[in-house]
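A look at the structure
Chain by chain, the residues:
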Amino acid sequence: MLTMSRSQARRVALRAQALDGARPDGPVTMRRLTTTVDRVNLLQIDSVNVLARAHLVPLFSRLGPYDTTLLDRAAGTAPRRLVETWAHVASYVPTSTYPLLEWRRRAFEREAWRSIADAAERLAELDLVRSLVAERGPVTAAQIHDELLASGRTTPRDRVEWGWNWTTAKLCLEHLFFTGEVLSASRNAAFERRYDLAERVLPPAVRAADPVPEDDAVRRLLELGARAHGVGTARCFRDYFRLRGPAASRALAELVEDGVLLPVAVEGWDEPTYLHRDAVVPRRATGTALLSPFDPLVWERRRLESLFDAYYRIEIYVPAAKRRLGYYVLPFLQGEALTAMVDLKADRKARALRVVAAHRTAQTAATTPALLAAELRLLAGWLGLDDVDVVGGDLAPDLRGALAVPAGVLG
């Protein structure tokens, strides 16, 4: 069996996620953006907008400041290079990956949220929503709801209960979206999906692709997850596309048997662990980046603890008094270590990037404040914010001092 030090495994993981070195020079083109998405396989979508939309920050972490309209074009104009579907969760994926998830769309009864799966029984409403999308698409759920309300075929939304109290229109649209009958043609300024028929969204070659048998698709998806990790456990690889059940277990065994995944003993990692045969061990890792809570490198928290000795959780839904790190915390990657945990908020009204709290970790180095200050300035500029305001945390005094030094001047 191969053996690896924890440092080697960290560098493999960072190279697999394009986080092991300096960001590329020059402008970020559509080609560079889509190549990066192809490498990480998907971008998780979430409505949280404390700092920036969830799918935007992982690209900033790897590419630096970029024009976010590139992503809008890649997913929202023909010929589309990215498409929304259920992958890790709701995600943007390369159009080449979309056919590999057809089995999930067919298996909605076991794969979808219960409310989305149960909407299959709303036959009359589904037929009506289909016809409205065909006639009016691209169209938002709110627009479909208004159509149904005006015709007396639904009731006003109950706004007493916050959360997933979806309208009939939204439930039907999300069912049709999960099963692939309709897709997101684009997003509007409020980040609402604009639904349209799949045949009007997908590129012709993707529409014409033959169905991929479930076992073959799961094996390919598991391999993509393993490639994006470089090194990890079966749990890590399955989590990437949220694979489960016997098909995922068979896929793992086949990939090991075929030599695609190589058993490896990683220092301090007590679970069965595998190295993708194409993984590269860089001599060193030199990159710096703030990582979104929705970044693929930090999805699997137990892997993060095993490899990086870092406790990390997203605490948006944790009562304030019980939070250990903060509301919207980004780990700061410095080389191959996570040297700070930074709770950030974009105060757009004040045009300031608020560092609500900056926490030290066991790996915090003497150089961390200066490097973190440079990264925060870069992030603020990308977000169109003028200032960086540090509020609290045990790293705050040193970080304020580093920010007081003019940009470009070594502290």
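Predicted, not measured: the structure shown is a model, and the values here were computed from it.

Counting buried positions along strand E4 (residues 90-94) gives 5 out of 5 residues, so the element sits mostly inside the fold. Here E4 shows no split at all, with Ala90, Tyr92 and Pro94 on one side and Ser91 and Val93 on the other all buried. Of the strand pairs in this sheet, strand E2 (residues 43-44) and E4 are connected by 2 bridges, and their pairing is antiparallel. Bridging across to E4, Leu43 finds its partner in Tyr92. Pairing geometry for strand E3 (residues 82-86) and E4, over 5 bridges, is antiparallel. Looking at E4, one finds that Glu84 is bridged to Tyr92. Between E3 and E4, which pair antiparallel and follow one another directly, the connecting turn spans 3 residues.

Attention now moves to the packing of helix H12 (residues 214-229) against helix H14 (residues 246-257). The contact between H12 and H14 brings their axes to 9 Å, and the two run at 65 degrees. Considering the relative orientation of H12 and H14, their crossing is right-handed. Two secondary-structure elements touch here, H12 through Glu214, Asp215, Val218, Arg219, Leu222 and Glu223 and H14 through Ala247, Ala248, Arg250, Ala251, Leu252, Glu254 and Leu255. Each residue belonging to the contact of H12 with H14 can be placed in one class, and the counts come to 7 nonpolar, no polar and 6 charged.

All right, on to the domain arrangement of the protein chain then. Domain annotation of the protein chain identifies domain 1 (2-95 + 210-276), domain 2 (122-201) and domain 3 (309-404). Roughly 980 Å² is buried in total at the junction of domain 1 and domain 2, and carbon and sulfur atoms are behind 56% of that figure. Measuring nitrogen to oxygen at the nearest pair gives 2.8 Å for the salt bridge that ties Glu84 to Arg193. Applying the counting criterion to the domain 1 and domain 2 interface returns 5 residue pairs in polar contact (both at pLDDT 80 or more). Those elements that provide at least two residues to the side of domain 1 that touches domain 2 are helix H4 (69-76), E3 and E4. In terms of residue count, E3 provides more of the side of domain 1 that touches domain 2 than any other element does, 4 residues in total.

This paragraph deals with the pattern of salt bridges. All told, the structure shown has 36 salt bridges when counted by the stated rule. Close ionic contact of Arg193 with Glu174 constitutes a salt bridge, the shortest N to O distance being 2.7 Å. Remark: Glu174 occurs in helix H10 (residues 168-179) and Arg193 occurs in strand E6 (residues 193-197); sequence separation between them is 19 residues. Of the two residues, Arg193 and Glu174, neither departs from the other in class, the shared state being buried. The salt bridge involving Glu300 is made with Arg302; its shortest N-O contact spans 3.4 Å. The class of Glu300 is buried, set by a relative accessible area of 10%. Where salt bridges share partners, they join Glu84, Lys170, Glu174, Arg187 and Arg193 into one cluster.

Moving on: the sheet that holds strand E12 (residues 337-347). Sheets are built from strands that pair by backbone hydrogen bonding, the pairs being arranged parallel or antiparallel. Taken in spatial order, the 5 strands of this open sheet run E10-E11-E12-E13-E14, and their pairing is mixed. Each edge of the open sheet carries a strand with a single partner, namely strand E10 (288-290) and strand E14 (387-390). Neighbour to neighbour, the strand axes of the sheet diverge by 30 degrees on average, direction disregarded. Here E12 pairs with strand E13 (residues 352-360) via 8 bridges, running antiparallel. Residue pairing in the sheet places Lys345 in a bridge with Arg354 of E13. Across the sheet, helix H16 (residues 368-382) is in contact with E10, strand E11 (329-334), E12, E13 and E14; its angle to E10 comes to roughly 60 degrees.

E12 sits mainly inside the fold: 9 of its 11 residues count as buried. Two elements, E11 and E12, share 6 bridges in a ladder whose sense is antiparallel. The residue of E12 that forms the bridge with Leu333 is Leu338. Where E11 folds back on E12, the antiparallel hairpin that results is connected by 2 residues, among which Gly335 adopts a positive phi of roughly 70 degrees. Between E12 and E13, which pair antiparallel one after the other, the connecting turn spans 4 residues, and Arg351 there sits at a positive phi close to 55 degrees.

This paragraph deals with helix H9 (residues 141-150). For H9, the set of buried residues is Ala141, Ile144, His145 and Leu148. Buried residues of H9, viewed axially, fall in a sector of 100 degrees; they line one side. In this structure, the buried residues of H9 make contact with helix H8 (123-136), H10 and E6.

Applying the stated criterion across every chain yields a total of 7 aromatic pairs. Each member of the aromatic cluster is reached from another via a ring pair, and the members are Trp86, Trp113, Trp166 and Phe178. Taking NZ or CZ as reference, Arg23 lies 5.1 Å from the ring centre of Phe60, over its face. Between the NZ or CZ atom of Arg187 and the centre of the ring of Phe191, over which it lies, the distance is 4.2 Å.

The rules behind these values
- Residues numbered from 1 in each chain as written.
- Predicted model: local features only at pLDDT ≥ 70, side-chain atom pairs only at ≥ 80, totals over all residues.
- Heavy atoms only, no water.
- Buried < 20%, exposed > 50% of the residue type's maximum accessible area, 1.4 Å probe, protein only.
- Helix = DSSP H or I, 4+ residues; strand = E, 2+ residues; numbered from the N terminus.
- Pairing = 2+ DSSP bridges.
- Axes fitted to C-alpha atoms, helices over the stretch in contact; angles between N-to-C directions.
- Left-handed = near helix turned anticlockwise from the far one by under 90°.
- Contact = heavy atoms within 4.5 Å.
- Nonpolar A, V, L, I, M, F, W, Y, C, P; charged D, E, K, R; others polar.
- Domains from an automatic or database assignment.
- Buried area = accessible area lost by both parts, 1.4 Å probe.
- Salt bridge = Lys/Arg side-chain N within 4 Å of Asp/Glu carboxyl O.
- Polar contact = N/O pair within 3.5 Å; in protein donor to acceptor, adjacent residues only side chain to side chain.
- Arc of directions from axis to C-beta.
- Phe/Tyr/Trp six-rings, centres within 6.5 Å; stacked < 30°, edge-to-face > 60°.
- Lys NZ or Arg CZ within 6 Å of the ring centre and 35° of its normal.

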